[in-house]
Amino acid sequence: MSKIFGNIEKGILVGTLALMVVLIFGQVVGRYIFQSAPSWTEEIARYLHIFQVWIGASYAVKMREHIRVDAFVNLFHGVVRKILESASVILWFLLVLFLAVYGTNLVLDTFGYGQQSPAMQIPMWIPMAAVPIGSIGMTIRLAIQLIQIWKGNYDKPKSEGIAT
């Protein structure tokens, strides 16, 4: 299940990146060659980037690639280290859960208001849905990480073909 979830995240990240490159390239060509470019390309590229950030944050939790200072935690071993690692993950989990709940409320409120984007006239709840989607992904990943900590796995997962 986790592997399928990771593959979906990777697929979304790669697909949105490719689409963003095409859209921004078209925007540049339109501006400098034709002296005019459609405004919707810039808007959709911005919304795609928002989804990339939130879904990428979830994927980074899986790969344990978020920035953290662990010099202090690395001084400890055994149960003490498990407790410190767990406390860190639990605090992070609570923050992300807060973002998921309030992000969902924001999406539902925006859905109720019927607000639309300026250029494409799409409902604004669609780009705002990136916040709860990414946050829910992170909560799942952090719960898995907490289980792994208590199994004694502190190491980052092996690379999934991504150059680091």
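Placed above this text is the structure.
The numbering scheme is per chain: residues are counted from 1 as the chain's sequence reads. Where totals are concerned, whole chains, interfaces and linings use all residues; where local detail is concerned, this predicted model gives features only for residues with pLDDT of at least 70, and gives and counts side-chain atom pairs only at 80 or more. Heavy atoms from the whole structure form the basis of all side-chain values; hydrogens and water molecules are not counted.

Q: Describe the packing of aromatic side chains, and please don't skip the residues or the numbers.
A: Working definition: a ring pair exists when centres of Phe, Tyr or Trp rings (six-membered ring for Trp) sit within 6.5 Å. Plane angles under 30 degrees give stacked, over 60 give edge-to-face, the rest tilted. Considering all chains together, one arrives at three aromatic pairs under this definition. Seen in terms of ring centroids, F72 and F76 are 5.1 Å apart; in terms of plane orientation they differ by 70°. Their pairing is edge-to-face. Taking relative accessible area as the criterion, F72 reaches 53% and is therefore assigned exposed. Buried residues are those whose accessible area, probed at 1.4 Å on protein chains only, stays under 20% of the maximum for their type, while exposed residues exceed 50% and partly exposed ones sit between those limits.

Q: Account for helix α1 (residues 2-32), naming residues and giving values.
A: Along its 31 residues, α1 runs 45 Å from first to last C-alpha, staying within 8% of the 45 Å computed at 1.5 Å per residue. Secondary structure elements follow DSSP: runs of H or I of four or more residues count as helices, runs of E of two or more count as strands, with numbering from the N terminus. Within the span of α1, buried status applies to G6, E9, L13, T16, M20, L23, Q27 and G30. Given a helix with a known number of residues, its expected span is that number minus one, times 1.5 Å.

Q: Provide a residue-level description of unusual backbone geometry, including the pertinent values.
A: A positive phi angle is found at Q35, which is not glycine, with a value near 60°. What makes Q35 exposed here is its relative accessible area of 64%. Positioned with a positive phi, Q121 is a non-glycine residue whose angle comes to about 60°. Relative to the helices and strands, Q121 resides in the loop between α3 (78-113) and α4 (125-128).

Q: Give a description of the packing of α1 against helix α5 (residues 130-150) that names residues and reports values.
A: Closest axis-to-axis distance for the α1/α5 pair is 12 Å, and the angle between their directions is 145°. Regarding α1 and α5, the two cross each other, and that crossing is left-handed. Here α1 contributes S2, F5, G6 and E9 to the contact with α5, which in turn contributes G137, I140, R141 and I144. Lys, Arg, Asp and Glu make up the charged group, whereas Ala, Val, Leu, Ile, Met, Phe, Trp, Tyr, Cys and Pro make up the nonpolar group; the residues left over, Gly among them, are polar. Its residues placed into classes, the contact of α1 with α5 shows three nonpolar, three polar and two charged. Axes, fitted as lines to C-alpha atoms, cover a helix only where it is in contact. Angles between the N-to-C directions of the axes lie from 0 to 180 degrees. In this scheme, a crossing is called left-handed if the near helix is turned counterclockwise away from the far one by less than a right angle; it is called right-handed if the turn is clockwise. Any two residues having at least one pair of non-hydrogen atoms within 4.5 Å are treated as being in contact.

Q: Can you tell me about the nonpolar core, naming the residues and giving the values?
A: Throughout this description, the term nonpolar core refers to a set of buried Ala, Val, Leu, Ile, Met, Phe, Trp, Tyr and Cys residues connected via side-chain atoms within 4.5 Å. Grouped together as the largest cluster of nonpolar side chains are eight residues: L13, F51, I55, Y59, M63, V107, A129 and A130. A per-element tally of this core places helix α2 (residues 39-63) first, with four residues. With residues up to four places along the chain from it excluded, the contact list for F51 reads G56, I126, P127, A129, A130 and I133.

Q: So, the environment of Q52: which residues are in play, and what are the values?
A: Residue placement: Q52 occurs in helix α2. Counting along the chain gives 24 residues from Q52 to V28, while the straight-line C-alpha distance between them is 21 Å. Sequence-distant contacts of Q52, defined by excluding residues within four places in its chain, comprise L13, T16, L17, M20 and A57. Polar contacts, as used here, are pairs of N or O atoms within 3.5 Å; protein pairs need one atom able to donate a hydrogen and one able to accept it. Residues neighboring in sequence count only if both atoms are side-chain atoms. In terms of polar contacts, Q52 uses its side chain to reach the side chain of T16, at 3.3 Å.

Q: Can you break down the environment of F72 residue by residue, with the values?
A: Positionally, F72 belongs in the loop between α2 and α3. Distance from F72 to Q52, taken between C-alpha atoms, is 32 Å for residues 20 residues apart in sequence.

Q: Explain the environment of L99 to me, and be specific about the residues and the numbers.
A: Structurally, the position occupied by L99 is in helix α3. The spacing of L99 and G134 is 35 residues in sequence and 9.3 Å in space, taken between C-alpha atoms. Leave out the neighbours within four places in its chain, and L99 touches W54, T104, V131 and S135.

Q: Provide a residue-level description of α5, including the pertinent values.
A: Look at α5: 30 Å from first C-alpha to last across 21 residues, which is about the 30 Å you get at 1.5 Å a residue. Regarding α5, the residues found buried are A130, V131, P132, G134, S135, G137, M138, T139, R141, L142, Q145 and I149. Of the surrounding elements, those touching the buried residues of α5 are α1, α2, α3 and α4.

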